[in-house]
Amino acid sequence: MATSSSHQARKRLWWALRLPDLPAHTLGLAIHAPELQVIAEQRQVVWISGAAEAAGVHLGMDATTAQMLSGCVVHERNPMKEQQLLAELAEVMYQFSPFIELYTSDSYTSEYGPQSGLLLEISSCLLLFGGVQSLSQKIAHCIASHNISLAMGAGHSKAAAWLLSFVNYSLDGERVEFIQRLSLLPIGLLHDFPRQVDALDKTGFVTLADIIRQIEAQSISSFKKRFDHDFVDYLCELFGIDQDFQQSSLFEKPVTYFQPDEFFAEEIQFDYPLHQHEQLQVPMETLLQKLAEYLRKRQLQTQHIEWMLSDIYHNHNALQVYADSPQTHWRLLFDLSLIQLENRDLPFEVDRLSLNCRTTLPLQARNNMLEFDAARKINRQHFSITAAKLKARLGDAAVYKLSYRDGYLPNDTNQRIALTDICQQELPDIHRRAQRPNWLLDAPAAVEMRKQGLYWRGKITLIAGPERIQGNWWREPSARDYFIGLRQDRQRLWLFWDLHKQQWFVQGIFA
Amino acid sequence: MSLNPPDAPPETTAAPSLEQLLCREDIWRGGSSQAPARLAVDTGYTQLNERLAGRGWPNASLIEVCQPPTSHGEWQLLLPALLNSHNNTHTNSHGGLLVLLNPPVNPFAQALLKAGIDLERLLIVKVKDKADFLSSFIELVRCDACDAVMAWQPQQALGYTELRKCALASTEGQGIYVLFRPDTVCDQSSPAVLRLRLEWQAEQLAVRIFKQKGELAANNAVIELPLPSAWKGLLPHAQLDQPGKPKPKVASVTPIHGGRRGRR
């Protein structure tokens, strides 16, 4: 097995697609334009146009100095957009090879700016695309169609391919040839390891050939003593050195498959424009059933779908539908979509309906509460659909549960919680013994004090009490004497005398 | 949404036989005693059970409770039944939900816990207008998970057609569905299966059944439900319910800011 694996490793051919002007492409700058343009990150120049270079600006220069020197325009780098563009290109390259890796290096020297690009393992794809020449042309053509400048290099390993992309060699060869080509490169190209390069430079190393000679003379262990593991591993990968392992295949990193970003997008174009939302129901159902099929086959679930309505004049209107919990079935998503549609008029006559679902999560990640009672489980599932529909219609805040919370004042002990939260139901004995009304007013209502007695929607007679509730001194000290009062219509009320405010309030109703 | 009863026979089939017709619950047969036994939930009050056709609150039917706008007796009336329905292992309801739709104010968690209600089963739904109320009510009663729905009519009063929608939706469920309305609508028609009027008295809750499906003439006798002893407190002598003695006249209810007299 060790032999076959290392044999496989020997057969590998890596291509590096280096995109030297990626910072400029993401900002939409014309690379060969006569304007003096500079891209800076944290006030340091990381990319310069040809014209700016001619005017004396160099990489790593302070942005203000560059501006003073040449009068160039300074743009701010956007690394996030660069990553996005790189990921998009990786998806385009997926048509050529399933083994794609993204490479980004943020360190830069006076010679080289930050570098990014893609690494493709193409040994298994050469036959399909008709050889090295044909494949390289196809890839170059594909990248050129995106108006992106490209430098390509080939090597027996990722590191070698990347370094060889800085010089112009053919994209074919054997391991020995690649190492020969590498030996001519200056050590300054190892810009991922600036500290080590500096140390080597001071010791008199100029090209990679000097490193190879050193390794041949004293083996890799001399580097192991002086430098850290990362650098030594890099050198081993670069020159294809088998480190002293008994079973080297165990330590060999396999080439990983590229996972393209997969999402669901389907559309239906109608024979004639639709102007009533009832007419959209059947197409919506069809599309959602396709989505359910897609989710089922991939063992995925989703919480968010997007409907896009379009008319013949290319007007678009998006409809976002969110479910309360991740769904694999289409029914709830359909009902929620209908509720959204009911609440609005169609903005135009709809010619095309498309359904997009970009955010999915694997089915295995879902966790359910252990329910041993089968009937209860079914009930809960049924209710989740009803709850989602109610929330879609009334809003999240309109559907809630009630929980007890430790507190002094009655209002503080009553808490609204979301449906998914768990209620606190342990009532202290002091409350369990006392008389409490079933309805609690949101805020105590002031009681009118007349000569004849207390009035709140009728005359009140006190029939039981008092119960002193006081505390809360750290926020707002309060002391209340609670009574049960009987109103003239025989309704029993829960009212209190506020000792601080010297006033009567009604707080609850015994229903 | 279809407004037809779910079990209505399609027109294309042959005419139903008499036996088939007699199986239906909604065929009037002249006397309530012959009506097929309906599922019902024990109200928790013997005197009330005796007066109800199914010896309890009818399942899958709209129950309408009318009470004066400023008074509330709903929990006193329904709490025993709600606890019964939760603990009843004979029906198919194991831990179903109790939903309060558009309650006048928030219930007090302490009182409900004390009464034995499982707060995990209690759900509150607030609505803005009549349209939301109707769709939420229909959605809730059709949901198997809801054992009981207590709904309070929104500000805009419900018309007969809307009540009919509620009543029809109720037949699709299996729980107890109670709609609370002000007593000013007592003399209006309503498609509810059971209509009651609630009124507080000094030491009891008076219930008057003024419409019940299966009863030709409403029996207007008052059913008196006892109050918890702790609620009674110490009443002034004049306010006690004394047999034989005319009850003191209750003055009309005064709004909060209504009277200027006697204000300190």
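Residues numbered from 1 in each chain as written. Chains lettered and ligands numbered in written order. Predicted model: local features only at pLDDT ≥ 70, side-chain atom pairs only at ≥ 80, totals over all residues.

### Examining the overall build of chain B
Helix and strand content of chain B: seven helices and eleven strands. The proportion of buried residues among the 264 residues of chain B is 35%. Partitioning the intrachain contacts of chain B with sequence separation of at least 6 by distance along the chain shows that 68% fall at a separation of at least 24. (Helix = DSSP H or I, 4+ residues; strand = E, 2+ residues; numbered from the N terminus. Buried ≥ 20, exposed ≤ 12 C-beta atoms within 10 Å, placed from the backbone. Contact = placed C-beta atoms within 7 Å.)

### Looking at helix 12 (residues 229-239) of chain A
Each turn of an α-helix holds 3.6 residues, which means side chains three or four residues apart point in the same direction. Residues and elements named next belong to chain A. Residues Phe231, Leu235, Leu238 and Phe239 constitute the buried set of helix 12. Taken down its axis, helix 12 places every buried residue within 80° of arc, on the same side. Residues of helix 12 that are exposed and point more than 90 degrees away from the buried face comprise His229 and Asp230. Contact partners of the buried residues in helix 12: helix 7 (158-164), helix 8 (175-183), helix 9 (194-203), helix 10 (208-218) and helix 11 (221-226). (Arc of directions from axis to C-beta.)

### Points about helix 8 of chain A
Residues and elements named next belong to chain A. For helix 8, the full list of buried residues reads Phe178, Arg181 and Leu182. On an axial view of helix 8, the arc spanned by its buried residues comes to 100°, and they lie on one face. At its buried positions, helix 8 is contacted by strand 7 (151-155), helix 7, helix 10 and helix 12.

### As for the nonpolar core
Ranked by size, the top nonpolar core spans 110 residues in total, and within it Leu495(A), Ile63(B), Val99(B), Leu101(B), Cys146(B), Val149(B) and Val178(B) carry the most contacts. Among the elements that take part in this core, helix 15 (residues 374-394) of chain A stands out by supplying six residues, more than any other. Ala16(A), Met152(A), Ala159(A) and Phe239(A) belong to the second largest nonpolar core, which has 36 residues in total. (Core = buried A, V, L, I, M, F, W, Y, C linked by C-beta atoms within 7 Å.)

### Considerations on the pairing of strand 21 (residues 503-510) of chain A
Residue and element names in this part refer to chain A. Among the eight residues of strand 21, six are classified as buried, and the element is accordingly described as predominantly covered. Sheet analysis places strand 15 (residues 439-446) next to strand 21, joined by four bridges and oriented antiparallel. Among the inter-strand pairings, alanine 445 is bridged to a residue of strand 21, identified as valine 506. In terms of strand pairing, strand 20 (residues 492-498) meets strand 21 through seven bridges, oriented antiparallel. Bridge pairing in strand 21 places arginine 492 opposite phenylalanine 510. Adjacent in sequence and paired antiparallel, strand 20 and strand 21 are bridged by four residues, among which glutamine 502 carries a positive phi angle near 55°. (Pairing = 2+ DSSP bridges.)

### A word on the confidence of the model for chain B
Mean pLDDT for chain B: 79, with 73% of residues reaching 70 or above. Throughout residues 1-6 of chain B the model reports pLDDT below 50, and contacts reaching past four residues in sequence, or to other chains, amount to four contacts. (pLDDT = per-residue confidence, 0-100.)

### Focus on the environment of Asn49(B)
Mapping Asn49(B) onto the fold places it in helix 2 (residues 46-51). The residues touching Asn49(B), leaving out its near neighbours within four places in the chain, are Asp42(B), Thr43(B), Arg55(B) and Gly56(B).

### Let's talk about unusual backbone geometry
A positive phi is found at Asn147(A), a non-glycine position, where the angle reads about 60°. You can see Asn147(A) is positioned in the loop between helix 6 (131-144) and strand 7. The backbone of Arg55(B) sits at a positive phi, close to 60°, despite the residue not being glycine. Of note, Arg55(B) is situated in the loop between helix 2 and strand 2 (57-58). Using a count of 17 C-beta atoms within 10 Å as the deciding quantity, one classes Arg55(B) as partly exposed.

### A look at the pairing of strand 10 (residues 204-212) of chain B
Residue and element names in this part refer to chain B. Bridge count for strand 9 (residues 194-200) against strand 10 is seven bridges, and the pairing is antiparallel. From the neighbouring strand, tryptophan 200 faces strand 10, where its bridge partner is leucine 205. The antiparallel hairpin formed by strand 9 and strand 10 contains three residues in its connecting segment. As paired elements, strand 10 and strand 11 (residues 222-226) share five bridges and run antiparallel to each other. Paired with alanine 206 across the two strands is glutamate 224, which belongs to strand 11.

### Re the sheet that holds strand 2 (residues 37-41) of chain A
Residues and elements named next belong to chain A. Pairing is mixed across the open sheet formed by three strands, whose spatial order is 3-2-4. With partners counted over all chains shown, the strands left at the sheet margins are strand 3 (44-48) and strand 4 (73-76), one partner each. Direction aside, the axes of adjacent strands within the sheet are offset by 40° on average. Across four bridges, the pairing between strand 2 and strand 4 is parallel. In the strand pairing of strand 4, glutamine 37 is matched with valine 73. (Axes fitted to C-alpha atoms, helices over the stretch in contact; angles between N-to-C directions.)

### Observations regarding the sheet that holds strand 20 of chain A
Spatial ordering of the open sheet is given by 16(A)-17(A)-18(A)-19(A)-20(A)-21(A)-15(A)-5(B), a layout of eight strands whose pairing is antiparallel. Of all the strands in the sheet, just strand 16 (448-449) of chain A together with strand 5 (106-107) of chain B have a single pairing partner and so form its edges. Bridging between strand 15 of chain A and strand 5 of chain B involves two bridges; their strand directions are antiparallel. When the sheet's bridge partners are listed, Leu440(A) is paired in strand 5 of chain B with Asn106(B).

### Re the packing of helix 13 (residues 281-298) of chain A against helix 14 (residues 331-342) of chain A
Residues and elements named next belong to chain A. Packing of helix 13 against helix 14 leaves a shortest axis separation of 10 Å and a crossing angle of 145°. Crossing of helix 13 over helix 14 shows right-handed handedness. For the pair helix 13 and helix 14, contact is made by Gln281, Met284, Glu285 and Leu288 and by Leu333, Phe334, Ser337 and Leu338, respectively. Here the residues of the contact of helix 13 with helix 14 are counted per class, giving five nonpolar, two polar and one charged. (Left-handed = near helix turned anticlockwise from the far one by under 90°. Nonpolar A, V, L, I, M, F, W, Y, C, P; charged D, E, K, R; others polar.)

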